[in-house]
Amino acid sequence: MAEKKRFRKIKKENVSFGEAAFVLQDTQTGVNYLFVQSGYAGGLTPLLDRDGKPIVSSTFDIEE
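Reading the values: the criteria
Residues numbered from 1 in each chain as written. Predicted model: local features only at pLDDT ≥ 70, side-chain atom pairs only at ≥ 80, totals over all residues. Heavy atoms only, no water. Helix = DSSP H or I, 4+ residues; strand = E, 2+ residues; numbered from the N terminus. Buried < 20%, exposed > 50% of the residue type's maximum accessible area, 1.4 Å probe, protein only. Contact = heavy atoms within 4.5 Å. Areas by Shrake-Rupley, 256 points an atom, 1.4 Å probe, with all protein chains shown as cover. Salt bridge = Lys/Arg side-chain N within 4 Å of Asp/Glu carboxyl O. Phe/Tyr/Trp six-rings, centres within 6.5 Å; stacked < 30°, edge-to-face > 60°. Pairing = 2+ DSSP bridges.

1. Some points on the overall build of the protein chain
- Looking only at helices and strands, the protein chain features zero helices and four strands.
- Traced from its N-terminal end to its C-terminal end, the protein chain shows the element sequence β-β-β-β.
- Every one of the 64 residues in the protein chain was classed for burial, and the buried ones make up 19%.
- Contacts spanning at least 24 positions in sequence make up 20% of the contacts within the protein chain whose residues lie at least 6 apart.
- Of the roughly 5,300 Å² that the protein chain leaves accessible, carbon and sulfur atoms contribute 55%.

Below, the structure written as structure tokens:
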């Protein structure tokens, strides 16, 4: 049986040449993260709402 992936890419934007931004979703918790890649470097942070709380997708929104 295939193992379920923990993270899935739900959005990708090319920022500029050699740079990209991805929104990743944790399929177990529903928390959304922003990953920005620039060449061989990158950074990851949770997406926050205006109150500073993590953006969490409903478990019903997460496709199996």
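2. Some points on the pattern of salt bridges
- Going through the model one piece at a time under the given rule, you end up with two salt bridges.
- Between D26 and R6 there is a salt bridge; the shortest N-O distance is 2.7 Å. In this pair, D26 sits in strand β2 (residues 19–26) while R6 sits in the segment before β1 (7–16), placing the two residues 20 residues apart along the sequence.
- Residue D26 is classed as buried on the basis of its relative accessible area, which comes to 3%.
- By relative accessible area, R6 is classed as partly exposed at 36%.
- In this structure, E13 engages K11 in a salt bridge whose closest nitrogen and oxygen atoms are separated by 3.8 Å.
- Assessed through its relative accessible area of 45%, K11 is described here as partly exposed.

3. Comments concerning the packing of aromatic side chains
- By the definition in use, this model includes two aromatic pairs.
- Summarising the aromatic geometry, the rings of F7 and Y33 are spaced 6.3 Å apart at their centres and angled 70° between planes, so their arrangement reads as edge-to-face. Of the two residues, F7 sits in strand β1 while Y33 sits in strand β3 (residues 32–38), which places them 26 residues apart along the sequence.
- Residue class for F7 comes out partly exposed when judged on its relative accessible area of 42%.

4. Quick look at the pairing of β1
- Pairing of β1 with β2 involves eight bridges; the strand directions are antiparallel. The partner of K9 across the bridge, within β2, is L24.
- Between the antiparallel neighbours β1 and β2 lie two residues, among them G18 with a positive phi of about 80°.

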